[in-house]
Amino acid sequence: SELPLTIAFLIDTSASVANKLKFEQEAASEFFFQVIRARDKALLLEFDTGVTLIQDFTNDPNMLSKQLKSLRAAGGTSLYDALYLVSEEKLLWEQGERRKTVIVISDGEDTVSMVTFEDALEMCQRAGVTIFAISTNKGGHFGIKGSEEGDAVLEQLSSAAGGKVYYPAKLEDLGLAFKEIDQELRSQYSLSYRPS
C-alpha cells in the first residue's frame, strides 16, 4: 500500500473552461498537497490549442502549486494530444515498481487535437497508465452546465485505462475524490495462476 507513484497532472486551460479555471487550479493544488509524498513524483502539463509542460517531475507540492498560478485560459482543447504526448514522452519510459497515473481536469470536449481518441487511448495503454478524470461539467459552482458528450469521453478514457471519473459539484467534494484516488493508486494486487 506504499507503492510510489508517478503522476502526470493534465489541466485544461482552453477557452471553454475559462470560468472554471480557478476551480481547476484550486483542485490541482489540493491534490498535490493531499496525495504527493516524498517517494512520488509528479509533473504538471496544461493543454489548450497546444500542449505545454509547466513543471517537470518533482516531489515538491509547493513548486507544483506555484506553477499553477501562472495558468491562463484561451484557445481550443487538445485533450487527446496531451494524453498521447505525456504517455509517449514521459510515462512510457518510466521504469521500476511505480504506478503510472494520469489525472485529467477537463470538460472532456476535444476540439483541435491532431491525434484521435483511439490513438491517445492506445498510447496510454502502451505506457501502462491508469487515467483518473475530474469533470468540470457538473454543479452550479462553475456558473454553467457543461456537456454530456465531454463527460462521455472522460468516462470512456478512464474506464478503458483502469481509472474512474469524478463529478465534483463543489471544491469540498474533491477531498473525498482525492482520498479515494490515493487509496486506489497505492494498493496493488497480484494475481497468479499455477497450472496442475
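Predicted model only: the values in this text are computed from it and were never measured.

(A) Representation of the pattern of salt bridges. If you walk through the whole model with that rule in mind, you get five salt bridges. Note that Glu26 and Lys22 form a salt bridge whose closest N and O atoms lie 2.5 Å from each other. Residue Glu26 and its partner Lys22 are both found in helix α1 (residues 21-35); the two are separated by four residues, about one turn of the helix. The class of Lys22 is exposed, set by a relative accessible area of 56%. A salt bridge links Glu94 to Lys41; the nearest nitrogen and oxygen atoms lie 3.1 Å apart. One end of the pair, Glu94, is in the loop between α3 (79-91) and β4 (99-106); the other, Lys41, is in strand β2 (residues 41-47), and 53 residues separate them in sequence.

(B) A look at α1. Its 15 residues place the ends of α1 21 Å apart at the C-alpha level, agreeing with the 21 Å of an ideal helix rising 1.5 Å per residue. For α1, the set of buried residues is Leu21, Phe23, Glu24, Gln25, Ala27, Ala28, Ser29, Phe31, Phe32 and Val35. Taken together, the buried residues of α1 touch β1 (5-12), β2, α2 (61-68), β4 and α6 (171-186).

(C) Geometry of the side chain of Gln55. Note that Gln55 resides in strand β3 (residues 51-58). Judged by its relative accessible area of 12%, Gln55 is buried. Residues contacting Gln55, with those up to four places away along its chain left out, are Leu43, Leu44, Met63, Leu64 and Gln67.

(D) Molecular detail of the side chain of Ser106. Summarising the element assignment, Ser106 is placed in strand β4. Judged by its relative accessible area of 0%, Ser106 is buried. Polar side-chain contacts of Ser106 include one of 2.8 Å to the side chain of Asp12. Setting aside anything within four residues of it in sequence, one finds Ser106 in contact with Asp12, Glu24, Phe47, Ile134, Ser135, Thr136 and Leu154.

(E) Structural view of the nonpolar core. In terms of nonpolar packing, the biggest core is built from 28 residues, with Leu10, Leu79, Leu83, Val86, Val102, Val104 and Ile131 touching the most fellow members. At the level of elements, β1, β2, α3, β4, α4 (117-126), β5 (130-135) and α5 (148-160) are the ones that each hand at least two residues to this core. Among the elements that make up this core, the one with the highest residue count is α3 (six residues). Counting 26 residues, the second-largest nonpolar core is a separate cluster that includes Leu64, Ile103, Ile105 and Ala177.

(F) Expanded view of the pairing of β2. For β2, a buried count of six out of seven residues is recorded, marking the element as mostly surrounded by other parts of the structure. The β-α-β motif built from β1, the intervening α1 and the parallel element β2 has right-handed crossover chirality. As paired strands, β2 and β3 are joined by five bridges and run antiparallel to one another. Paired with Leu45 across the bridge in β3 is Leu53. Linking β2 to β3, which pair antiparallel, is a turn of three residues.

Reading the values: the criteria
- Residues numbered from 1 in each chain as written.
- Predicted model: local features only at pLDDT ≥ 70, side-chain atom pairs only at ≥ 80, totals over all residues.
- Heavy atoms only, no water.
- Salt bridge = Lys/Arg side-chain N within 4 Å of Asp/Glu carboxyl O.
- Helix = DSSP H or I, 4+ residues; strand = E, 2+ residues; numbered from the N terminus.
- Buried < 20%, exposed > 50% of the residue type's maximum accessible area, 1.4 Å probe, protein only.
- Expected span 1.5 Å × (residues − 1).
- Contact = heavy atoms within 4.5 Å.
- Polar contact = N/O pair within 3.5 Å; in protein donor to acceptor, adjacent residues only side chain to side chain.
- Core = buried A, V, L, I, M, F, W, Y, C linked by side-chain atoms within 4.5 Å.
- Right-handed = clockwise from strand over helix to strand, strands pointing away.
- Pairing = 2+ DSSP bridges.

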